[in-house]
Amino acid sequence: MEDQLTLELLSKCVSHLGRSDNGLQYLYHHLSLPNSNLSDVSLLGNYVHLQKLEVPHNHIADVSFVRHMPRLLIMDVSHNHIEDISGFEPPIDLKEVNMSFNRLSNMDFSSYNSVSKLELDNNGFTEVKGLDRCFKLTHLSLANNMITSISGLDTLPLKHLNLRGNQLETMDGLENLTKLRILDLSHNRITSLIGFRNLQLLGVINVENNLIPRIEECKHIAHLFLLVELNMLQNPVKEVQDYRLSIIFLLQRLTMLDKEEVTAEEKVEAINRYDPPLEVMAARDHRSHLVYQLLQPQVLHDSTLPSLDLPYPMLVLSGPRACGKRELAHRLCQEFHQYFAYGTSHTTRGRYLGEEDGSDYHFVSQEDFVDLVHMGKMIQSMKFGGDMFGLSTEAVDALARDGLACCVPMELEGVLSLKNCHFEPRYVLLLPSRVDQYVERLRSRGIYTPAQVDAAVSRLHLYVTFHQQRPGFFDSTVVCDDLDEAYQTLQRLVKDYLLLEDQDDGEKRPTEASSSDAVPAQAEPSAVSAPTKPLDLLDLSYRTYASRIQAQLTPQKSALELASIRRREQLVRQAIEGKSPRVFTHLIKRSAHSEASQFQLPDPTTVYGDSSSDESHISPLPPRSGPAGPPGPSEPAVSGGHVKDGAGEPEVGAEGRPGRGAKPILPPIPPGRRTPAGPSPGPSPRT
């Protein structure tokens, strides 16, 4: 067992041959003597040119020999028996010092002005003095000591701080370490993560084996945009349900949590659980409604048209709170009462002053609303402002039994939910353009709290962004700063949908003129369309418009095909009468339009134009121009995708659907099943 350094041993441990300062001698600059059981190394005082000294895992108690090494840059004297170096004067250029695993308890580091890395782990320090004079210190490790508080570090450019295994209860004293990037506070007694306000460069935090009780403590570090690694193992918070997903949701930039990689799937799952996008919420609602509906006895609803290629017509007015969508919907239903009726939704919110139950909403309790969902009676639902809103199947079928289209107002969340169901409505966006006027309208009603007003104003940006990022999501946009002007615009839009003429307008519509002028002189007289007249669907001659259009668009079929069609029609008729329920499954299968290629859909840029124009206050609608050539003797006249019969009455085109970029007419459903033109074969089941 050796205890004294000899020249023979020293000659075997030196390395890194180089020149002296004057360049006249060759000298060794590095010395490494680990695990040599040395206690007396006074011989090293003669090696004044050493730059790196490593003597760990020995029995050295005195390091005064270092004062004879003015060129020393790195000193490692860890795992020795050093108790006091109060008389030690470090070299002026000393950069790195490792005194870990010694017996130091009191030391002044005010003379270590040039040190950038200082390791003092596993000693007996209760406090470290003089660190405020270490102006170049970037790496400080004081692990496994007895430190109870942090002080004197405010002026240091620390990037790496290790305080593992001490007796810290708070993080006071770390607020001004603005350059800190890695912080290890594991194995302490910390109960809160308060104290990271100014540590914007912090990327790694280790608080393993502390006393952090709640997930909400992570909100104090949520503003750290560079934080990518967090270790909270062995804390009480680990026992909280869904702990990992909750932390990932609060700190979405993490790549490592509790020494495990954070995957993209976990981030998506966390967001979908705690703050799902509107589309995800709508998809979940639709999935619930679909499952509960399938658990009920399957029936044929009144809102199912005879031809599924022509879906039940609906008009949806969407917009932010208090934009006037309900008032405009009621006015439309009053003026166009022969076409539309107001679709009354269910809600769990309280009734405002002036609202009527059954007219504005069906006001129900939370339990009743949930029961309606569980009974499969809801088409769509949403949660807005803490209250539930939903449109029931009966609300739509009640209008369908009267042969009327449904006009219903709803928020954006409801539109997203309705988009998932089998209905294909026309969607009109009502959007205020003047924020100050909108705020005044909200306040003038006197029913909204300041918080609700602020929330409504903040949602304006949501509607605008949604409309800009998804062209075609809404069929048209109407500015609703003034409700009278908005209604006039909406009125013109609905008339255009229904191909109705203004009573006081004696001139022909440009679309009609263009379509009539487009017919060549040599065309047959029967192919020239007559002047358009209002579409009266209460007339019995229009009640079979779907069948007539289907017959016009269907190519000539062979006798075998006609026999097959008649057989399927007979099966459907038996299904409606309740004789063969198995055929109900055929009613939900949509067949592709074989003749769709004969019609050219309008350019999307003309359908969805710039809604910010002050001249029109409405998105441009597609032109209805005539075909390139004259129709043949057996072909129906076509104008912009709208089929006209021989008499010139406009009929519904089957080449497009509402909300799909095309522009078909929006008629009410035929009331033929309620008041049939001929004798009825028998009673039919109702929903």
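The structure under discussion appears in the preceding block.
Residues numbered from 1 in each chain as written. Predicted model: local features only at pLDDT ≥ 70, side-chain atom pairs only at ≥ 80, totals over all residues. Heavy atoms only, no water.

### Considering the overall build of the protein
Argument step 1. Across its full length, the protein holds 15 helices and 24 strands.
Argument step 2. The buried share of the protein, taken over its 687 residues, is 47%.
Argument step 3. Partitioning the contacts of the protein with sequence separation of at least 6, the portion at a separation of at least 24 is 49%.
Argument step 4. For the protein, the exposed area adds up to about 34500 Å²; of that, 52% sits on carbon and sulfur atoms. (Helix = DSSP H or I, 4+ residues; strand = E, 2+ residues; numbered from the N terminus. Buried < 20%, exposed > 50% of the residue type's maximum accessible area, 1.4 Å probe, protein only. Contact = heavy atoms within 4.5 Å. Areas by Shrake-Rupley, 256 points an atom, 1.4 Å probe, with all protein chains shown as cover.)

### Topic: the packing of helix H2 (residues 243-250) against helix H3 (residues 264-274)
Argument step 1. Two elements in contact, H2 and H3, have axes whose closest approach is 9 Å; the angle formed by their N-to-C orientations is 90°. As summarised for this structure, H2 and H3 are arranged roughly perpendicular, according to the angle between their axes. Residues Arg244, Leu245, Ser246, Ile248 and Phe249 of H2 touch H3, and the partners they reach there are Glu266, Lys267, Glu269, Ala270, Ile271, Arg273 and Tyr274. (Axes fitted to C-alpha atoms, helices over the stretch in contact; angles between N-to-C directions. Parallel < 35°, antiparallel > 145°, perpendicular 65-115°, else oblique.)

### A look at helix H8 (residues 412-419)
Argument step 1. In terms of burial, H8 is a largely internal element, seven of the eight residues being buried.
Argument step 2. Within the span of H8, buried status applies to Leu412, Glu413, Gly414, Val415, Leu416, Ser417 and Leu418.
Argument step 3. Where H8 is buried, its residues touch helix H4 (278-294), strand E14 (314-318), strand E18 (378-384), strand E20 (405-410), strand E21 (426-431) and helix H10 (450-469).

### What to know about the sheet that holds E18
Argument step 1. A sheet is described by the order of its strands in space; here four strands give the open sequence E17-E16-E19-E18, paired in mixed fashion. What marks the edges here is a single partner per strand, and that holds for strand E17 (361-363) and E18. Taken pair by pair, the neighbouring strands of this sheet meet at an average axis angle of 25°, ignoring direction.
Argument step 2. Taken together, the two bridges between strand E16 (residues 345-347) and strand E19 (residues 387-392) define a ladder with antiparallel strand orientation. Along E19, the bridge assignment pairs His346 with Gly390. (Pairing = 2+ DSSP bridges.)

### Digging into the state of the cysteines
Argument step 1. As enumerated under the stated definition, the model contains zero disulfides in all.
Argument step 2. Cysteine Cys333 is unpaired, with the sulfur of Cys407 as its nearest cysteine sulfur at 4.4 Å. (Disulfide = S-S within 2.5 Å.)

### Let's talk about the pattern of salt bridges
Argument step 1. Applying the stated criterion across every chain yields a total of 23 salt bridges.
Argument step 2. A salt bridge links Asp258 to Lys238, with the nearest nitrogen and oxygen atoms 3.4 Å apart. Here the residue Asp258 occupies a position in the loop between strand E12 (256-257) and strand E13 (260-261), and Lys238 occupies one in the loop between strand E11 (229-231) and H2, the gap between them amounting to 20 residues.
Argument step 3. One salt bridge connects Glu413 with Arg459, and the closest N-O pair in it is separated by 2.9 Å. Placement of Glu413 in helix H8 and of Arg459 in helix H10 is noted, with a sequence separation of 46 residues between them. (Salt bridge = Lys/Arg side-chain N within 4 Å of Asp/Glu carboxyl O.)

### Brief notes about unusual backbone geometry
Argument step 1. One non-glycine residue, His79, lies in positive phi territory at about 60°.
Argument step 2. Along the chain, the position of His79 falls in the loop between strand E4 (74-76) and strand E5 (96-98).
Argument step 3. What makes His79 partly exposed here is its relative accessible area of 28%.
Argument step 4. At Ala322, a position not held by glycine, the phi torsion is positive, near 60°.
Argument step 5. Examined against the element boundaries, Ala322 turns out to sit in the loop between E14 and helix H5 (325-335).
Argument step 6. A relative accessible area of 8% places Ala322 in the buried class.

### Side note on the packing of aromatic side chains
Argument step 1. Scanning the entire structure with this criterion turns up eight aromatic pairs.
Argument step 2. Both rings, one in Tyr361 and one in Phe363, keep their centres 5.9 Å apart while their planes meet at 65°; by these two values the pair is edge-to-face.
Argument step 3. Judged by relative accessible area, Phe363 falls into the buried class, the value being 17%.
Argument step 4. Summarising the aromatic geometry, the rings of Phe473 and Phe474 are spaced 5.0 Å apart at their centres and angled 75° between planes, so their arrangement reads as edge-to-face. Across the pair, exposure class does not vary: Phe473 and Phe474 are buried alike.
Argument step 5. Three or more aromatic residues link up through ring pairs in this structure, and these residues are Tyr361, Phe363 and Phe389.
Argument step 6. A cation over an aromatic ring shows up here: Arg331 above the ring of Tyr487, its NZ or CZ 4.2 Å from the ring centre. (Phe/Tyr/Trp six-rings, centres within 6.5 Å; stacked < 30°, edge-to-face > 60°. Lys NZ or Arg CZ within 6 Å of the ring centre and 35° of its normal.)

### Quick notes on the packing of helix H9 (residues 435-445) against H10
Argument step 1. As a packed pair, H9 and H10 sit with axes 10 Å apart at the nearest point and diverge in direction by 145°. The handedness of the crossing between H9 and H10 comes out as right-handed. Every residue of H10 that contacts H9 at Val435, Tyr438, Val439, Leu442 and Arg443 is listed here: Val453, Ala456, Val457 and Leu460.
Argument step 2. When its residues are assigned to classes, the contact of H9 with H10 shows eight nonpolar, no polar and one charged. (Left-handed = near helix turned anticlockwise from the far one by under 90°. Nonpolar A, V, L, I, M, F, W, Y, C, P; charged D, E, K, R; others polar.)

### A word on H10
Argument step 1. Its 20 residues give H10 an end-to-end C-alpha distance of 30 Å, which sits within 8% of 28 Å, the value for a rise of 1.5 Å per residue.
Argument step 2. For H10, every residue scored as buried is listed here: Val453, Ala456, Arg459, Leu460, Tyr463, Phe466 and His467. Considered in projection along H10, the buried side chains sweep an arc of 145° and stay on one side of the axis. Turned more than 90 degrees away from the buried face of H10, the exposed residues are Pro450, Ala451, Asp454, His461, Gln468 and Gln469. (Expected span 1.5 Å × (residues − 1). Arc of directions from axis to C-beta.)

### A look at the pairing of strand E22 (residues 476-479)
Argument step 1. Taking every second residue as pointing to the same face, both faces of E22 are buried, with Ser476 and Val478 on one and Thr477 and Val479 on the other.
Argument step 2. Sheet analysis places E21 next to E22, joined by four bridges and oriented parallel. Looking at E22, one finds that Val428 is bridged to Ser476.

### Comments concerning the sheet that holds E14
Argument step 1. What the five strands build is an open sheet, ordered E15-E20-E14-E21-E22; its pairing is parallel. On the outer flanks of this sheet lie strand E15 (340-342) and E22, each paired with one strand and no other. Mean inter-strand twist for the sheet, computed between neighbouring axes without regard to direction, equals 25°.
Argument step 2. Summarising the sheet, E14 and E20 pair through five bridges and their orientation is parallel. Across the sheet, the residue bridging to Ser318 is Met410, located in E20.
Argument step 3. Against the sheet, helix H11 (residues 483-498) makes contact with E14, E15, E21 and E22, and its axis sits at roughly 155° relative to E22, the strand it touches most.

### Describing the nonpolar core
Argument step 1. Of all hydrophobic cores here, the largest spans 80 residues; its most connected members are Met99, Tyr112, Leu131, Leu161, Phe196, Leu230 and Ile247.
Argument step 2. Contributing elements (two or more residues each) for this core: helix H1 (7-13) and H2.
Argument step 3. In terms of residue count, H2 provides more of this core than any other element does, four residues in total.
Argument step 4. Residues contacting Phe196, with those up to four places away along its chain left out, are Met171, Leu183, Leu202, Ile205, His220, Ile221, His223 and Leu224. (Core = buried A, V, L, I, M, F, W, Y, C linked by side-chain atoms within 4.5 Å.)

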